[in-house]
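Examining the three-dimensional arrangement
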Amino acid sequence: MTAVRNNMEKWFASLARTIYHNRLKTLFIMAVLIAAIVSQLPKLTIDISTEGFMHKSDPTLIDYNNFRDQFGRDELIIVAIRSPEIFEGNFLEKLNKLHEDLKENVPYIEDITSLINARNTRGEKDELIVEDLLENWPKTPEEIALIRHRTLDNPLYKNLLISEDSKMTTIVIQTQAYSSSGDDIDVLEGFGDSTNRDLTNSGKSDGKEYLTDKENSEVVLAVNEIAEKYKGPDFEIYIAGSSAVTHFLKQSMLKDVRRFLLLAFITVGAFLFIMFRRVSGVVLPLLIAILSLVSTISLMAAFGVPIKLPTQILPSFMLAVSVGYSVHILAMFYYNFQKRSSREEAISHSLGHSGLAVVMTAATTAGGLFSFSTSEVAPIADVGVFAGTGVLLAMVYTIILLPALLAIVPIKTKNKDQSEDTVIDRVLTKTGLISTGHPYKILIISAVIIALSIVGIMKIHFSHDILKWLPKENSVRIATEKIDKELRGSVSLEIIIDTEKENGLYDPDILNRMEQTAAYLETLEVGKVFAGKAWSLTTILKETNRALNENRQEFYAIPENKSLIAQELLLFENSGSDDIEDFTDSQLSKARLMVKVPFVNAIAYIEFLEKVNEHLQEMYPDVKITVTGMSALMFRTVTNAIASMGKSYIYALIVITILMIILIGRVRIGLLSMVPNLAPIIVTLGIIGWFKIPMNLFTMLVGNIAIGLAVDDTIHFMHNFRRYFEESGDAKFAVMETLHTTGRAMLVTSCVLSIGFFIFMFATMNNLIHFGFLTGFTIIMALLADYFIAPALMVIVNRPGKTVSQ
């Protein structure tokens, strides 16, 4: 195996010479290839929607798309207005102006409902009247009192249009299900002039595109702008709903990505300059990083994969990884160039020394990331595929493009300050003395820390609480929490009852069972989850039946025979109202039961939905039932994530272990090398458990990303340790030499990588802050493991008189 490794190192040295002698050809070929890839960048899209977390083939998403095609978009914007007195002339006038302003000036509206135009069904003599609640504007106190009575007497309005204490009312905006324009959006606005399409790639219906992120943002921005004009001390306005949350997440993502890139370039650039004291030592790594990042994102565009919330980590990740690979080559190049003053020799020696290790580290990092590709959560799978591909691109650019650039960039030798590395030398020497002098103590201490971490792992709790990702002071979060509390919910759970036969909903038995289900749901409360309101076609039918029976309350019920049900529904349709279309299909075979629920942690829905499904199975053994809507999608996302997490961790462990054994060439050392790789992951998971950090879609990424990155330093350490041990037969000497050569680059790359992730701690959203801290912390722990645990293991297994471990 040693001979194979030596031959490969010679091949890399030879490759470097070939690149040096054909540097212009190499640069031209690479420029053409990169240009071809980057040409796809204008096709880049954004998808921040909840349905974007699912694969297009996911049955839950298919059911949701079928629902949207039939009944329209269930993602509502709720404009809630709080006032000491709602039923007062001036307030109603202002509410009417706001209602009309929203109706006229907010784009893509399908329907808008408030007390102004709420359905008021009543009978006069033998006539059924379905009119707006304020169709005849009240002018006297007596007329306002009548409106108050009708409002509070209508069960439909409670917790939908007015709160139980009558201090808060709402304007509910339903947007169009399909895109009206398909206009483009500049995803990279602020970075250039490219124009990019913005599509919500969650599915289509008959060639129609669902409402896009851009259009959703236009709606939310228009609502906010209009609402600002009406806010006052006695007219407090709160804007909530899943559409508003989605818009804020998108704005935060775009803002944070720009901030991350700027901070990353400044901090990494400064760090590189401090290390190399050369402009080329800053410019070349950053150039490789930019090309790697842009190429990766362009590949996403080429394959029609949109930017989603989890994939926003790609820029900082690619910057850190790419710079890390370049540092290993540049460190050896500058060292040899300073020593030999021959550019060709320096390039050849640097690639011969570190080229194989860079390829090995890229292979293991990509292997860890590709384990995500099996995830049932679409953006997590995207991170795995494209981050892994980006790592391989960064490796190719480092091995091929960087030597060609070094061959033409003006670089001079410089007088080295003999004292500039003294501190680092002393630290590395002290580290080597401790790790080789006290190997058993180090392993015992490490074992105790790992044991405590395992206890912490048992305390981990899963979460998918999108609202808690937002800062506490965020207006959307405040509004959503207030509306959830005072109006009993801000998002929907949709239940589709399909009799699978024409006019099946004329059956009073089915309708009565739907009534029982609504009543059951409105009393169901499991932890933080409750059904604030449940209503369906039966509400329209009961209103009609009461109106046709002299408005007597005892007739607020479902008629007992099919013919009467058919007649009353026909009368309602002929009244001019189209509300019935919101609750059933044209064949009256399928009914929609709408359930209003709070925007809380999707994990909290597990038991709630179990009880709902148990009830539905018991009540409807003879009809087809589908549970869908925003709440169901969020629940499906978190269950997919939990199922995928363990699987992806196991895949990553298996793949990386096999690669380590193959690349290092020794089964025993390959297995032992996994100890310093796994220890930091276990410690980080322990931190998550002990400090009660939620295990969400982002913190789930930490383990796989960190193990893929941590293994890089381990490979460099083991690769060079074996070289020095084979030359000397002395494990302690080999450790010291490894630390003083590769150890320097390991320190720099770990600092660069950790900085790239610690930058996420400046994010707007809490989930990204946790992700950045945990990943950066894990990388630092991985460096310490390679500085202490790996040397301790090598000293123990390679005692004097033994040959290299098999």
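Residues numbered from 1 in each chain as written. Predicted model: local features only at pLDDT ≥ 70, side-chain atom pairs only at ≥ 80, totals over all residues. Heavy atoms only, no water.

The next subject is the pattern of salt bridges. Scanning all chains against the criterion turns up 28 salt bridges. As a salt-bridge pair, E75 and R73 come within 3.3 Å of each other at their nearest N and O atoms. Of the two residues examined, E75 and R73, each falls in the buried class. Residue E486 is joined to K482 by a salt bridge in which the shortest nitrogen-to-oxygen separation is 3.0 Å. Here E486 and its partner K482 are both found in helix 15 (residues 475–486), four residues apart, which amounts to about one turn of the helix. The partly exposed category is assigned to K482, whose relative accessible area is 24%. Bridged by salt links that share partners, the residues R82, D165, K482 and E486 form one connected network. (Salt bridge = Lys/Arg side-chain N within 4 Å of Asp/Glu carboxyl O. Buried < 20%, exposed > 50% of the residue type's maximum accessible area, 1.4 Å probe, protein only. Helix = DSSP H or I, 4+ residues; strand = E, 2+ residues; numbered from the N terminus.)

Attention shifts here to helix 13 (residues 439–457). Every α-helix winds through 3.6 residues per turn, so residues three or four apart in the chain are directed the same way. Here helix 13 is 19 residues long and its end C-alpha atoms lie 26 Å apart, about the 27 Å a rise of 1.5 Å per residue gives. Every buried residue belonging to helix 13 is among P439, I442, S446, S453 and G456, and all of these are buried. Across the axial projection of helix 13, the buried residues extend over an arc of 100 degrees, all falling on one side. Turned more than 90 degrees away from the buried face of helix 13 sit Y440, K441 and I444, all of them exposed. (Expected span 1.5 Å × (residues − 1). Arc of directions from axis to C-beta.)

Let's shift gears to the packing of helix 8 (residues 280–302) against helix 11 (residues 378–408). With their axes 9 Å apart at the nearest point, helix 8 and helix 11 run at an angle of 140 degrees to one another. By the angle class used here, helix 8 and helix 11 are oblique. Considering the relative orientation of helix 8 and helix 11, their crossing is right-handed. On the side of helix 8, the interface is formed by L284, L287, I288, L291, S292, S295, T296, L299 and M300, while helix 11 contributes F386, T389, G390, L393, A394, Y397, T398, L401, L402, L405 and L406. Of the residues assigned to the contact of helix 8 with helix 11, the class counts are 14 nonpolar, six polar and no charged. (Axes fitted to C-alpha atoms, helices over the stretch in contact; angles between N-to-C directions. Parallel < 35°, antiparallel > 145°, perpendicular 65-115°, else oblique. Left-handed = near helix turned anticlockwise from the far one by under 90°. Contact = heavy atoms within 4.5 Å. Nonpolar A, V, L, I, M, F, W, Y, C, P; charged D, E, K, R; others polar.)

What follows is about the packing of aromatic side chains. Two aromatic rings, taken as a pair, are described by how far apart their centres are and by the angle between their planes. Under the definition given, this model contains 18 aromatic pairs. Sitting over the face of the ring of Y20, R23 holds its NZ or CZ atom 4.7 Å from the ring centroid. (Phe/Tyr/Trp six-rings, centres within 6.5 Å; stacked < 30°, edge-to-face > 60°. Lys NZ or Arg CZ within 6 Å of the ring centre and 35° of its normal.)

Right, let's talk about the pairing of strand 15 (residues 590–597) for a bit. Taken across its eight residues, strand 15 has seven buried, putting it largely inside the fold. Relative to strand 15, strand 11 (residues 491–498) is paired through eight bridges, and the arrangement is antiparallel. Across the sheet, the residue bridging to V491 is V597, located in strand 15. Relative to strand 15, strand 14 (residues 533–535) runs antiparallel, the two sharing three bridges. Among the inter-strand pairings, A534 is bridged to a residue of strand 15, identified as V595. (Pairing = 2+ DSSP bridges.)

So, on to unusual backbone geometry. With a phi close to 65 degrees, N159 is a non-glycine residue in the positive phi region. Tracing the backbone shows N159 in the loop between helix 5 (141–153) and strand 5 (168–175). If you check the backbone angles, S166 has positive phi at about 60 degrees while not being a glycine. With respect to the secondary-structure elements, S166 resides in the loop between helix 5 and strand 5.

So, about the nonpolar core. In this structure, L102, F317, F608 and I705 are the most contacted members of the largest nonpolar core, which totals 213 residues. Of all the elements, helix 11 adds the most residues to this core, at 16 residues. When residues no more than four places from it in sequence are discounted, the contact partners of F317 are L369, A387, V391, I705, L709 and F757. L672, A679, L739 and A790 belong to the second largest nonpolar core, which has 23 residues in total. (Core = buried A, V, L, I, M, F, W, Y, C linked by side-chain atoms within 4.5 Å.)

All right, on to the environment of T738 then. Relative to the helices and strands, T738 resides in helix 24 (residues 731–758). Along the chain, T738 and M318 lie 420 residues apart, while their C-alpha atoms are 27 Å from each other. Apart from residues lying up to four places away in sequence, T738 is in contact with F717, N720, F721, Y724 and G743.

With that out of the way, let us pick up the sheet that holds strand 1 (residues 76–82). Taken together, the four strands give an open sheet; going across it, the order is 2-5-1-10, and neighbouring strands pair in antiparallel fashion. Each edge of the open sheet is held by one strand with a lone partner, namely strand 2 (109–113) and strand 10 (236–240). Averaged over neighbouring strand pairs, the angle between their axes works out to 15 degrees when direction is ignored. The pairing of strand 1 with strand 5 spans seven bridges and is classified as antiparallel. By the bridge assignment for strand 5, V79 is matched with I171. The sheet strands contacting helix 6 (residues 213–230) are strand 1, strand 5 and strand 10, and the helix crosses strand 10 at an angle near 175 degrees.

Once that is clear, we can look at the sheet that holds strand 14. Taken together, the four strands give an open sheet; going across it, the order is 14-15-11-16, and neighbouring strands pair in antiparallel fashion. In this open sheet, the two strands that pair with only one neighbour each are strand 14 and strand 16 (624–628). Strand-to-strand twist across the sheet, computed as the mean angle between neighbouring axes with direction ignored, equals 15 degrees. Where helix 3 (residues 59–71) meets the sheet, it contacts strand 11, strand 15 and strand 16, and its direction lies at approximately 95 degrees from that of strand 16. Strands in contact with helix 16 (residues 508–523) are strand 11, strand 14 and strand 15; relative to strand 15, the strand with the most contacts, it is inclined by about 10 degrees.

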